[in-house]
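Results of the structural survey
Chain by chain, the residues:
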Amino acid sequence: MPRHADNERHWQVIAQRYELEPGPINLENGYFGRMSRWVQARYLEHVALINRSNSLYVRQQFEQGEQVELRRQLAGLIDVAPEAVAFTRNATEALQSLIRNYNGLRPGDQVLISDLEYDTVKGAMRWLANARGVEVIELSHTHPASFDSLVQTYRDAFVQYPRLKLMALTHVTHRTGLVMPVEAIAKAARAHDVDVILDGAHALGQIEFNLAQLGIQFAGFNLHKWIGAPLTLGFLYIAPERLADIDPDMGEFHYPANDVRARTSYSTPNFAALMTLPLVFEEHHALGGSLAKGARVKYLRDLWVGQVRGLPGIEVLTPDDPRLYCGITAFKFTGRDQQVMADRLLKDYGLFTTTRVGAAFGTCIRVTPGLVTSAADIQVLVNAITELSTLSHT
Ligand SMILES: Cc1ncc(COP(=O)(O)O)c(C=O)c1O
């Protein structure tokens with residue numbers, strides 16, 4: 001465990017960086033992360049500057065160099081070449097651009113998704129059925145999942161569906177926080193000539209990874225979950241040697257055809273948010289980057305899961321194999337209506353969580369600690385689950 005993950009004092013100091021509205025304990029930090037006070041202040045300054053100086057600033061300064069530096073810093077965040085990344089407004093836009101513009105599909109080919117993918121990714125992959133005349137194969141992962149079962153499910157699919165050309169893969173599923181064995185799955189996919197589009201929305205900033213090592217050529221991310229940027233920023237990644245496999249977006253002409261930025265829609269971006277990125281990246285690194293952030297939320301996750309997994313009436317859905325989980329974990333009160341129980345967590349214990357649906361295990365309650373979550377907050381959750389589990393059990 002990195003040095004400070006279990007150091008409450010250290011994280012208390014970090015928590016001071018963030019302004020919090022009084023209210024329930026927020027254990028739904030998976031939706032989007034907070035900006036620190038400094039990032040928020042810088043962002044608001046930039047909003048004011050853009051509003052005052054309008055296109056003069058944007059045309060004469062932002063477009064004359066600043067945006068080149070931002071792209072360089074963005075690429076540095078995941079250790080790739082600037083030529084491999086293009087800003088989008090969020091992960092969805094990045095992933096839809098990749099799916100929409102992937103040009104390797106012919107009528108009769110097959111594409112693959114699983115029940116753990118994000119719904120907009122599922123939707124975009126299903127859209128290919130009519131748009132490209134392909135068959136969409138939808139896998140359900142077995143539950144509980146193990147490293148080997150997850151990889152084997154894909155190996156079996158590659159054999160069973162020999163016309164597979166493209167698949168979506170979610171690095172960290174938003175349903176249970178399960179971390180996919182991306183490297184092993186991508187390797188198996190490559191052996192069957194199946195291209196992988198990686199949804200990294202929840203991985204970036206929480207998990208250390210290297211796309212080349214994972215064997216990933218196409219990926220989409222956002223910067224508002226675990227990096228700490230203002231909302232409205234995401235990006236896509238295309239390995240430069242695979243650029244020709246993704247078409248320019250709907251006749252996009254602002255950039256030359258050999259520029260990755262032509263692979264997504266061109267539009268007026270949130271300049272103020274973009275201009276805040278250098279401070280965001282500086283802060284992300286100062287906090288210890290994904291290694292430290294990821295270790296802290298994983299520590300908090302272990303704290304509650306370790307105390308409730310064995311309780312009668314409680315089923316923790318996310319496995320304990322350290323390769324397969326991060327800070328996000330989902331559980332169920334056996335035999336109960338999960339929404340009613342999530343409502344009770346909020347009403348009776350002041351704990352804000354969220355329910356998730358749509359996979360083999362049915363509806364579950366997802367718990368996502370954040371950088372301001374303390375061990376004491378987690379103890380409130382443990383006490384609540386313990387009390388409610390008795391009700392649930394009797
Ligand atoms: C796994 C996953 N993919 C994609 C997205 C979409 O991200 P964005 O809101 O940046 O479009 C989310 C958002 O929660 C997600 O959890």
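Relevant structure appears above.
Residues numbered from 1 in each chain as written. Predicted model: local features only at pLDDT ≥ 70, side-chain atom pairs only at ≥ 80, totals over all residues. Heavy atoms only, no water.

What follows concerns the site of the ligand. In the vicinity of the ligand lie 13 residues, with Ala 91, Thr 92, Asp 199, Asn 222 and Lys 225 positioned nearest. In the environment of the ligand, a nitrogen atom lies 2.5 Å from a nitrogen or oxygen atom belonging to the side chain of Asp 199. With respect to the ligand, the side chain of Asn 222 contributes an N or O atom lying 2.8 Å from an oxygen atom. A class-by-class count of the residues in the shell around the ligand yields 4 nonpolar, 7 polar and 2 charged. (Near = heavy atom within 4 Å. Polar contact = N/O pair within 3.5 Å; in protein donor to acceptor, adjacent residues only side chain to side chain. Nonpolar A, V, L, I, M, F, W, Y, C, P; charged D, E, K, R; others polar.)

By convention here, two paired aromatic rings are described through the distance between centres and the angle between planes. Summed over the entire model, instances satisfying the criterion amount to 9 aromatic pairs. Seen in terms of ring centroids, Tyr 255 and Tyr 266 are 6.0 Å apart; in terms of plane orientation they differ by 65°. Their pairing is edge-to-face. Here Tyr 266 lies in the loop between β8 (234-238) and α8 (271-286) and Tyr 255 lies in the loop between β8 and α8, a separation of 11 residues in the sequence. Where Trp 304 meets Phe 331, the ring centres are 5.6 Å apart and the plane angle is 65°; that geometry is what we call edge-to-face. One end of the pair, Trp 304, is in helix α9 (residues 289-308); the other, Phe 331, is in strand β10 (residues 329-333), and 27 residues separate them in sequence. An identical accessibility class is assigned to Trp 304 and Phe 331; each is buried. Joined through ring pairs, the aromatic side chains of Phe 209, Phe 221 and Phe 235 make up one cluster. Positioned above the aromatic ring of Tyr 325 is the side chain of Arg 301, whose terminal nitrogen or guanidinium carbon lies 3.6 Å from the ring centre. Its end group placed over the ring of Phe 147, Arg 323 keeps NZ or CZ at 4.0 Å from the ring centre. (Phe/Tyr/Trp six-rings, centres within 6.5 Å; stacked < 30°, edge-to-face > 60°. Helix = DSSP H or I, 4+ residues; strand = E, 2+ residues; numbered from the N terminus. Buried < 20%, exposed > 50% of the residue type's maximum accessible area, 1.4 Å probe, protein only. Lys NZ or Arg CZ within 6 Å of the ring centre and 35° of its normal.)

Moving on: the sheet that holds strand β9 (residues 314-316). Spatially, 4 strands are ordered β9-β10-β13-β12 in an open sheet, and the strand pairing comes out antiparallel. In the strand order of this sheet, the two ends are held by β9 and β12 (354-356), each with one partner. Sheet twist, expressed as the mean angle between neighbouring strand axes with direction ignored, is 35°. The pairing of β9 with β10 spans 3 bridges and is classified as antiparallel. Bridge assignment links Glu 315 to a residue of β10, and that residue is Lys 332. Against the sheet, α9 contacts β9, β10 and β13 (364-367), and its axis sits at roughly 25° relative to β10. (Pairing = 2+ DSSP bridges. Axes fitted to C-alpha atoms, helices over the stretch in contact; angles between N-to-C directions. Contact = heavy atoms within 4.5 Å.)

Before going further, it helps to examine the sheet that holds strand β2 (residues 85-88). Taken together, the 7 strands give an open sheet; going across it, the order is β2-β8-β7-β6-β5-β3-β4, and neighbouring strands pair in mixed fashion. At either end of the open sheet lies a strand with only one pairing partner, and these are β2 and β4 (135-139). Taking each pair of neighbouring strands and ignoring which way they run, the sheet shows an average axis angle of 20°. Bridge count between strand β7 (residues 218-222) and β8: 5 bridges; the pairing is antiparallel. Across the sheet, Phe 221 pairs through a bridge with Phe 235, a residue of β8. Strand contacts of helix α2 (residues 37-77): β2 and β8, with the helix running at about 105° to β2, the strand carrying the most contacts. Across the face of the sheet, helix α5 (residues 147-160) comes into contact with β3 (110-114), β4 and β5 (164-170) while running at roughly 165° to β5.

Turning to the pattern of salt bridges, a few remarks are in order. Applying the stated criterion across every chain yields a total of 22 salt bridges. With its nearest N and O atoms 2.8 Å apart, the salt bridge here joins Arg 72 to Glu 69. Of the two residues, Arg 72 and Glu 69 are both situated in helix α2; the distance of 3 residues between them amounts to about one turn of the helix. With a relative accessible area of 47%, Arg 72 lands in the partly exposed category. What makes Glu 69 partly exposed here is its relative accessible area of 33%. Residue Lys 122 is joined to Asp 119 by a salt bridge in which the shortest nitrogen-to-oxygen separation is 4.0 Å. With Lys 122 and Asp 119 both in helix α4 (residues 119-132) and 3 residues apart, the pair spans about one turn of that helix. A relative accessible area of 47% places Asp 119 in the partly exposed class. One salt-bridge network, in which partners are shared between bridges, spans Arg 301, Asp 302, Arg 309 and Asp 320. (Salt bridge = Lys/Arg side-chain N within 4 Å of Asp/Glu carboxyl O.)

Looking at the element boundaries, His 141 is found in the loop between β4 and α5. Judged by relative accessible area, His 141 falls into the buried class, the value being 4%. Sequence-wise, His 141 and Tyr 154 are 13 residues apart; in three dimensions their C-alpha atoms are separated by 9.4 Å. Of note is the side chain of His 141, whose polar atom sits 3.2 Å from the side chain of Tyr 154.

With that settled, consider the pairing of β4. When β3 meets β4, the two strands line up parallel, connected through 5 bridges. Directly across from Leu 112, in β4, lies its bridge partner Ile 137. Between the parallel pair β3 and β4, the chain is carried across by α4, and the sense of this crossover is right-handed. (Right-handed = clockwise from strand over helix to strand, strands pointing away.)

Let's shift gears to the pairing of β10. Counting buried positions along β10 yields 5 of 5 residues, so the element is predominantly enclosed. Covered by surrounding structure in β10 are Thr 329, Phe 331 and Phe 333 together with Ala 330 and Lys 332, the residues of both alternating faces. By the bridge criterion, 3 bridges tie β10 to β13 in an arrangement that is antiparallel. Opposite Thr 329, over in β13, you have Val 367 as the bridge partner.

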